[in-house]
Amino acid sequence: MERIGIYGGTFNPPHAGHIHAAKEAVKALQLDRLLMVPAHITPNKEIPEGTAEPEQRLEMVKLAVQDCPKIEVTDLELKRKGTSYTYQTILELRKQYPKAQLYLLMGTDMFLAFESWREPDIIMANAVIAVLYRGEKGERDAIFAQKEHLEARGGKIRIVKNQVLAISSTNLRRLLAFQCAKPFLAEGTGAYIRECGLYDSAADWKNLPMEELERVVIRLLNPNRVAHVLGCRDTAMDLAKRWGANETDAARAGILHDVTKALDGPLQLTLCREYGTILDDFGQRYPKTLHALTGSLVAERIFGENEAVVSAIRHHTTGRANMSLLEKIIYVADYMEPCRKFQGVEKLRELAYSDIDAALKLGLEMTIENLISREQEISPESRDALAYLNNN
Ligand code: FE
Ligand code: FE
């Protein structure tokens, strides 16, 4: 009996994580073929505007799997148009392959929410559910409970250990904008994306006017960070006015300071690697702190910002000895912008307008104290910054 896997998704764009999961599934389930099924519109996930057209997603998947034996692409959901319901796809494939054993691949989130799908019983009557499970302990109980539960309902469930790569399409689109996505894309897919200028991969963001800069950066942030970034920009401008710094530079550094913050530690390291930056010890050990460095690299290379702005972003989390006025302003603005609500923030806000060095010093001291209380390592740059302020 032929064994056919079905792997649906938006594939916006298809990346190394998808291809890796597909190959692993072919092996683990001994599939004769695996059909990648780009969705037209998914019921539970919106496709962001201004990204790829359905035909482009189809083409990108074709290019991504062209050298993968047993993996094919089907346009049946795209042809059907409208919202793509899996049960309809399963019924169509059942008709096309009446004798085959069908395996429907899904991740653990989808599996746990399976009963909220349309017609789960029709799906289970026609296909084995193959759950791609990374092996996280926290999920284990819920997954096996769900397996038992669905089996009692008549389903056949296979749990497939699968080292799904930790990259999401959302983060991949960010990497594309930063021109650092190469390690996660098949060659053909990457070339196609550049040719069509998809996902801002061909955008020229050098010296954007402020309003446009703001719009572009907001798209790259996690939505829950937008208010902080706008607050930091406003505060930085106020402080620049108070202390006679360049207000435009302050606004641009404020808007851009956390531009790479949405990327996790491993992706921070990817950015450093792609930009050819050699990291110090501390950065290698604490990749999460790297967003200041990677943000400054993006500000310089992607947005074409000037040295003063780049340097203010570079030092906004740790500070350093002998900081420029703009560096101080961004450090302090980041600390005290209106969303910040910690004990002592009022004192910092007062100082920021009467003695910026004192405000900076207070910020550094609070950071160091906080790190000590959590038994975390203090960056050498923060130590230097504080020592400098104490000696001058
Ligand atoms: Fe930051
Ligand atoms: Fe920040």
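Residues numbered from 1 in each chain as written. Chains lettered and ligands numbered in written order. Predicted model: local features only at pLDDT ≥ 70, side-chain atom pairs only at ≥ 80, totals over all residues. Heavy atoms only, no water.

A.B. asks: Quick question: what am I supposed to make of unusual backbone geometry here?
C.D. replies: A negative phi angle is the norm for most residues apart from glycine, just as the trans form is the norm for most peptide bonds. Geometrically, the link from Asn12 to Pro13 is a cis peptide bond, its omega value of 0° lying close to zero. Checked against the element boundaries, Pro13 lands in the loop between β1 (3-9) and α1 (16-28). Despite not being glycine, Lys81 shows a phi value in the positive range, around 60°. With respect to the helices and strands, the residue Lys81 is situated in the loop between α3 (76-80) and α4 (86-96). Since its relative accessible area comes to 52%, Lys81 is described here as exposed. If you check the backbone angles, Glu119 has positive phi at about 50° while not being a glycine. You can see Glu119 is positioned in the loop between α5 (108-112) and α6 (120-126). (Helix = DSSP H or I, 4+ residues; strand = E, 2+ residues; numbered from the N terminus. Buried < 20%, exposed > 50% of the residue type's maximum accessible area, 1.4 Å probe, protein only.)

A.B. asks: Is there a simple way to think about the environment of Met60 in this case?
C.D. replies: By the secondary structure assignment, Met60 is in helix α2 (residues 54-65). For the pair formed by Met60 and Asn224, sequence separation is 164 residues and the distance between their alpha carbons is 31 Å. The residues contacting Met60, other than those within four sequence positions of it, are Phe11, Pro13, Pro14, Ala52, Thr189, Tyr192, Ile193, Leu198 and Tyr199. (Contact = heavy atoms within 4.5 Å.)

A.B. asks: Whenever I open this one, the sheet that holds strand β4 (residues 101-107) confuses me. Can you help?
C.D. replies: Hydrogen bonds along the backbone pair up the strands of a sheet, which may run parallel or antiparallel. Strand order in the open sheet formed by 6 strands is β3-β2-β1-β4-β5-β6, and the pairing between neighbours is parallel. One side of each edge strand has no neighbouring strand; the edge strands of this open sheet are β3 (71-73) and β6 (157-161). Across the sheet, the axes of successive neighbouring strands diverge by a mean angle of 30°, strand direction being ignored. As paired strands, β1 and strand β2 (residues 33-38) are joined by 6 bridges and run parallel to one another. Pairing of Gly9 across the sheet is with Pro38, part of β2. Sheet strands in contact with α1 are β1, β2, β3, β4, β5 (128-133) and β6, and its direction is about 150° off that of β2. (Pairing = 2+ DSSP bridges. Axes fitted to C-alpha atoms, helices over the stretch in contact; angles between N-to-C directions.)

A.B. asks: Teacher, can you tell me more about the packing of helix α13 (residues 265-274) against helix α15 (residues 291-301) here?
C.D. replies: Each pair of packed helices gets described by two things: the angle between the helix axes and the distance between those axes. Close contact between α13 and α15 brings their axes to 10 Å; oriented N to C, the two are set at 40°. Our classification of the angle between α13 and α15 gives oblique. For the pair α13 and α15, the crossing hand works out as left-handed. Residues Gln268, Leu271 and Cys272 of α13 form the contact with α15, whose participating residues are His291, Leu293, Thr294 and Val298. Considered class by class, the residues forming the contact of α13 with α15 number 4 nonpolar, 3 polar and no charged. (Parallel < 35°, antiparallel > 145°, perpendicular 65-115°, else oblique. Left-handed = near helix turned anticlockwise from the far one by under 90°. Nonpolar A, V, L, I, M, F, W, Y, C, P; charged D, E, K, R; others polar.)

A.B. asks: Where do I start with the pairing of β2 in this structure?
C.D. replies: For a regular strand, side chains alternate in direction, first toward one face of the sheet and then toward the other. Counting buried residues along β2, 5 of its 6 residues qualify, which places the element largely inside the surrounding structure. What joins β1 to β2 is α1, and the crossover it makes is right-handed. In terms of strand pairing, β2 meets β3 through 3 bridges, oriented parallel. What sits directly across from Leu34, in β3, is Ile71. You can see the chain leave β2, run along α2 and come back into β3, and the turn it takes is right-handed. (Right-handed = clockwise from strand over helix to strand, strands pointing away.)

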